[in-house]
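Below, each chain spelled out in residue letters.
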Amino acid sequence: MKKIICLFLSILLNHHLMADDAHQLWLKSKPAKSVTVISSKRSELINKAIEELKNGWQSESNSKIELIIKKNSEIKKDGFKLTESSIEANSEIGLLYGTFELLRQQNSQKNVNYKVYNPSYQNRILNHWDNLDGSVERGYAGNSIFWKGDANVTITQNDLKRWQEYARANASVGINGAVLNNVNASPKILSKQNLLRFKAIADELRAYGITTYLSVNFSSPASLGGLETSDPLNPKVKAWWVAKAKEIYGLVPDFGGFLVKANSEGQPGPQDFGRTHADGANMMADALKPYGGIVMWRAFVYSPSDKEDRAKQAYNEFMPFDGKFNDNVIVQVKNGPIDFQPREPFSPLFGAMKKTTTMVEVQITQEYLGHANQLAFLAPMWEEFLKSDTYQAGKNSTVAKTTDGSIFNQKYSAIAGVANIGLANNWCGYNFGQANWFAFGRLAWDNTLSSEKIAEEWIKLTFEPQNLIKSNAEWDSQFLNPVKQMMLDSWETVINYSMPLGLHHIFSAHHHFGPGPWWAPKDARPDWTPPYYHQADNFGIGFNRTISGSDAVNQYHEPLASTLSNLSTCPEKYLLWFHHVSWKHQMNSGRTLWDELCYRYDSGVNEVRNFQKNGIKSISMLINSVLQRCKIY
């Protein structure tokens, strides 16, 4: 009988770790202890907080916790304060965020930290690259959870449930906004039928404090509205956007605003009419301002006819308009100057635009990092990026501080992540992909968090076989610590086996998966081919961005510009980003550049093999520990 019990426990543990469909994400339910929740106010949001506390309480049984709304100068925006007996906030949504924080700590650490928790960014937004036909651009987890190809298709109970689950997951990590369609937007998104479906989605997400936004096509007045032009200075065009804003707010009173990709990769924009980015953004911002809406205007722009280094073009286009954007316009800047590469230096626009609000855009979906086939925990990437010093307002002017309102006086602060979510039952295509969704939310709320803390939280919340093993120490040594280390090492490992030492954009064509440094058809745009970036020749390899090359390095502030432009002081992780280097150049390791590249590629592959071995080993050790203890029954 004991052997049967042992076998059952081992099978149960293996099932828990390997066969869980992961649909509950990091919010797995387990038996709750009794708690009395006291609140003098009731509303949909407060009721959600009460429900979460009663269903998830893991502290002492028969506890009491009070939900209190009161003005507290310590608490900013939608922050909150945890005490031993209460959750305090200035707003109802603050109480819900406080609830999730309290429960997360109960489930992932020994003691609760009783203090004030304020968000780093006011707007913490997921960008969905979902198309109206249900497909998802750069999506690796199935079709869209929002769109099905026909706006009139019946909304089912399964749709409503999925949207509610999505909203709850976002709220649990402090995400408070979602752009529901692709930045390569169809004008049809603003049709009456699609706006009605948008309203239905917004109504569900609102219950968890999620503000909804739409990506819009700049040519919509002509292509959808039938006007002769979409010129942003044309009075009829202005009137069309004013009327469209009124229509949207009539359906969704808390609509957040527009996200716009204009004059980039073939998308229409104000430059088509001889106007500027500021002209286009401000025209839309004027239409939204009476309702409190914002325009997020993407800085991801580059021209097929511009022979300038693509890494310089966004800076060149936007810096002349610093201070000319309305105060409800936010310039949305990708973390690096090219395009979500495995590793890039930060975009020089961060900190340089001192009179214009800039917001961070990172990519949660793994377009350039192995899709849903390769483990890449991205918190270390984002941590490195956010902590990078721009020097734009003196030392320690980090990217985080230049965007979160710490340094510059700005009306709004925001951060966006391109989502990795689809209809796959596990939401993200593979289970560890959920960690990046989780990590984005945690860093959006607190941009000072460490990758290690985030990884540990996610593991503890997602995998929980402690009840099947002898001690927490055993769980830590046999599962938590090795899996955490694998996650923390995974990003650098991807860099090593794909693009080490500052190499970038040398993927196979179109799908951005697998190597293709040789791909260069004669009819292709040069800046869409790998040779444009790696510049390999008989002498060496790398893109010369010093003063003798494109001089992109001088878009950075001193002393960083000088550090990067000097071959002997440029960090090796960015070496081939900024320098064309001889194959025989001696690296810090003592190896030549050629040998160092071979070493990095080989070490990356070997590290993946170690991940595979250690992953199996961690699960096997836990199973064996259960079997060993069964022998002493």
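1. Here we look at the packing of aromatic side chains
Each aromatic ring pair is characterised by the separation of its centres together with the angle its planes make.
Phase 1: Scanning the entire structure with this criterion turns up 30 aromatic pairs.
Phase 2: Consider the rings of W475 and F479, whose centres lie 4.9 Å apart with planes at 15 degrees: the pair is stacked. Residue W475 and its partner F479 are both found in helix α14 (residues 472–498); the two are separated by four residues, about one turn of the helix. Grouping residues by exposure puts W475 and F479 together as buried.
Phase 3: Within the aromatic cluster, the residues linked to one another by ring pairs are F198, W240, W241, Y249, F255, F258 and Y291.
Phase 4: Just above the ring of Y302 sits the side chain of R310; from NZ or CZ to the centre is 3.8 Å.
Phase 5: The ring of W528 has R525 sitting right over it, with the charged end atom 4.6 Å from the ring centre.

2. Thoughts on the pairing of strand β9 (residues 257–260)
Phase 1: In this structure, strand β8 (residues 211–216) lies alongside β9, joined through four bridges in parallel fashion. Bridging across to β9, V216 finds its partner in V260.
Phase 2: Here β9 pairs with strand β10 (residues 294–298) via four bridges, running parallel. The partner of V260 across the bridge, within β10, is W297.
Phase 3: Of the crossover connections in this fold, the one passing from β9 over helix α8 (residues 277–288) to the parallel β10 is right-handed.

3. So, the sheet that holds strand β3 (residues 80–82)
Phase 1: Pairing within the open sheet is mixed, and its five strands lie in the order β1-β2-β4-β3-β5. Either end of the sheet is taken by a strand with one partner, and the two such strands are β1 (35–39) and β5 (116–117).
Phase 2: The sheet contact formed by β3 and β5 spans two bridges and is antiparallel. Bridging from a neighbouring strand, K81 pairs with V116 of β5.

4. Overview of the nonpolar core
Phase 1: Counting 150 residues, the largest nonpolar core has W26, Y166, W241, M284, W297 and W437 as its most contacted members.
Phase 2: Here this core gets nine residues from one element, more than from any other, and that element is α14.

5. Brief notes about the packing of helix α3 (residues 92–108) against helix α13 (residues 451–462)
Phase 1: Orientation of α3 relative to α13, taken along the N-to-C sense of each, is 80 degrees, at an axis distance of 9 Å. Here α3 is positioned roughly perpendicular relative to α13, judged by the angle of their axes. Note on element contacts: α13 touches α3 through E457, K460 and L461, opposite R104, N107 and S108.
Phase 2: Here the residues of the contact of α3 with α13 sort into one nonpolar, two polar and three charged.

6. A closer look at the environment of A49
Phase 1: Relative to the elements of secondary structure, A49 occurs in helix α2 (residues 44–56).
Phase 2: The class for A49 is buried, based on a relative accessible area of 0%.
Phase 3: Excluding anything up to four places from it in sequence, A49 contacts L67, L95, L96 and T99.

7. Some thoughts on the sheet that holds strand β13 (residues 414–418)
Phase 1: The strand order around the closed barrel built from eight strands is β6-β7-β8-β9-β10-β11-β12-β13, with neighbouring strands paired in parallel fashion. Each strand of the sheet is rotated relative to its neighbour by a mean of 25 degrees, with strand direction disregarded.
Phase 2: Here β10 pairs with strand β11 (residues 329–334) via four bridges, running parallel. Bridge assignment links V295 to a residue of β11, and that residue is V329.

8. Notes on the pairing of β13
Phase 1: Most of β13 sits inside the fold, with five of its five residues counted as buried.
Phase 2: Burial along β13 is two-sided: the face carrying A414, A416 and V418 and the face carrying I415 and G417 are both buried.
Phase 3: Where strand β6 (residues 123–127) meets β13, five bridges bridge the pair, whose relative direction is parallel. Looking at β13, one finds that L126 is bridged to G417.
Phase 4: For strand β12 (residues 358–363) and β13, the ladder comprises four bridges, and the chain directions are parallel. Each residue of the ladder has a partner; that of E361, found in β13, is A416.

9. Here we look at the side chain of N217
Phase 1: Mapped onto the elements of the fold, N217 is located in the loop between β8 and α6 (220–223).
Phase 2: At a separation of 2.9 Å, a polar atom in the side chain of N217 contacts the main-chain carbonyl oxygen of A185.
Phase 3: In contact with N217, other than residues within four places in its own chain, are A185, S186, P187, W241, Q267 and P268.

10. Digging into the confidence of the model for the chain
Phase 1: For the chain, mean pLDDT is 94; residues scoring 70 or higher make up 94% of the total.
Phase 2: Within the chain, no element has a lower average pLDDT than helix α1 (residues 2–19), which sits at 51, and none a higher one than strand β7 (residues 177–179), at 99.

11. A short note on the pattern of salt bridges
Phase 1: Counted by the stated rule, this structure contains 32 salt bridges.
Phase 2: With a closest N to O distance of 2.9 Å, D254 and R206 form a salt bridge. Here R206 lies in the loop between α5 (192–205) and β8 and D254 lies in the loop between α7 (235–251) and β9, a separation of 48 residues in the sequence.
Phase 3: According to the relative accessible area criterion, R206 is partly exposed, its value standing at 28%.
Phase 4: Two residues, E361 and R298, come together in a salt bridge whose shortest N-O distance is 2.8 Å. Residue E361 is located in strand β12, and its partner R298 is located in strand β10; the two are separated by 63 residues in the primary sequence. Take E361 and R298: they sit in the same class, and that class is buried.
Phase 5: Ionic contacts of the salt-bridge type, sharing partners, join the residues E101, R104, R442, K453 and E457 into one network.

What counts, and at which threshold
Residues numbered from 1 in each chain as written. Predicted model: local features only at pLDDT ≥ 70, side-chain atom pairs only at ≥ 80, totals over all residues. Heavy atoms only, no water. Phe/Tyr/Trp six-rings, centres within 6.5 Å; stacked < 30°, edge-to-face > 60°. Helix = DSSP H or I, 4+ residues; strand = E, 2+ residues; numbered from the N terminus. Buried < 20%, exposed > 50% of the residue type's maximum accessible area, 1.4 Å probe, protein only. Lys NZ or Arg CZ within 6 Å of the ring centre and 35° of its normal. Pairing = 2+ DSSP bridges. Right-handed = clockwise from strand over helix to strand, strands pointing away. Core = buried A, V, L, I, M, F, W, Y, C linked by side-chain atoms within 4.5 Å. Axes fitted to C-alpha atoms, helices over the stretch in contact; angles between N-to-C directions. Parallel < 35°, antiparallel > 145°, perpendicular 65-115°, else oblique. Contact = heavy atoms within 4.5 Å. Nonpolar A, V, L, I, M, F, W, Y, C, P; charged D, E, K, R; others polar. Polar contact = N/O pair within 3.5 Å; in protein donor to acceptor, adjacent residues only side chain to side chain. pLDDT = per-residue confidence, 0-100. Salt bridge = Lys/Arg side-chain N within 4 Å of Asp/Glu carboxyl O.

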